[in-house]
Amino acid sequence: MDEKEFVRTVAERTGLSRQEAADLTWATLETLAHRLSPGEATDLVTELSGSLAEAVRRGTTDRIERFGHHDSVRRVAERTMLKKEEADRGVRTVLAVLREAVSEKEFNDLMSQLGRDFSQALESAG
């Protein structure tokens, strides 16, 4: 899935404008990258294109941060100026679209590093 299709899908599923969906997507990917090991982030980057991959690169650090889904929503809301409910729906949607955009193995590796809190949030996204 290319970058345009990814953002268009997020926009359609969240009801946000394309620009809001793009901002939400990049903020979410960068935020989630803070939770990933450098190796896992690199693996994810290889399956993403354009600014999606760049967002993961920007968020990658040598020190893995520990925070849950609710903190990720707060961080994304602050960065995008979306309401907390919109950011929550958006983070869940980006995860769901990411599941469709990358290989099953890569997505499972990603979710194993994000943890149960994120898995539960994804399950509730449908």
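Residues numbered from 1 in each chain as written. Predicted model: local features only at pLDDT ≥ 70, side-chain atom pairs only at ≥ 80, totals over all residues. Heavy atoms only, no water.

### Some details on the pattern of salt bridges
Here's step 1: For the structure on display, the rule yields nine salt bridges.
Here's step 2: R92 is the salt-bridge partner of D88, the closest N and O atoms lying 3.0 Å from each other. Of the two residues, D88 and R92 are both situated in helix 6 (residues 84-101); the distance of four residues between them amounts to about one turn of the helix.
Here's step 3: The partner of K105 in a salt bridge is D109, with the nearest N and O atoms 2.7 Å apart. (Salt bridge = Lys/Arg side-chain N within 4 Å of Asp/Glu carboxyl O. Helix = DSSP H or I, 4+ residues; strand = E, 2+ residues; numbered from the N terminus.)

### Describing the packing of aromatic side chains
Here's step 1: Applying the stated criterion across every chain, the model contains zero aromatic pairs.
Here's step 2: The ring of F67 carries the charged tip of R35 above its face, separated from the ring centre by 5.8 Å.
Here's step 3: One cation-aromatic arrangement involves R75 over F67; the distance from NZ or CZ to the ring centre is 3.9 Å. (Phe/Tyr/Trp six-rings, centres within 6.5 Å; stacked < 30°, edge-to-face > 60°. Lys NZ or Arg CZ within 6 Å of the ring centre and 35° of its normal.)

### Quick look at the environment of M111
Here's step 1: In this structure, M111 sits in helix 7 (residues 104-114).
Here's step 2: Residue classification places M111 among the buried positions, given a relative accessible area of 9%.
Here's step 3: Taking the C-alpha atoms as reference, M111 lies 9.6 Å from L36; in sequence the two are 75 residues apart.
Here's step 4: When neighbours within four sequence positions are excluded, M111 is seen to be in contact with L95, F118, S119 and L122. (Buried < 20%, exposed > 50% of the residue type's maximum accessible area, 1.4 Å probe, protein only. Contact = heavy atoms within 4.5 Å.)

### Remarks on the nonpolar core
Here's step 1: Ranked by size, the top nonpolar core spans 41 residues in total, and within it F6, L44, L48, V56, L98 and L114 carry the most contacts.
Here's step 2: Elements represented by at least two residues in this core include exactly helix 1 (3-14), helix 2 (18-33), helix 3 (38-47), helix 4 (50-59), helix 5 (69-80), helix 6, helix 7 and helix 8 (116-125).
Here's step 3: Of the residues forming this core, the biggest block, eight residues, is contributed by helix 6.
Here's step 4: If we ignore the near neighbours within four places in the chain, the residues touching L98 are F6, L29, L44, L48, F107 and L110. (Core = buried A, V, L, I, M, F, W, Y, C linked by side-chain atoms within 4.5 Å.)

Note that every value here comes from positions in space, so none of it alone points to a role or purpose.
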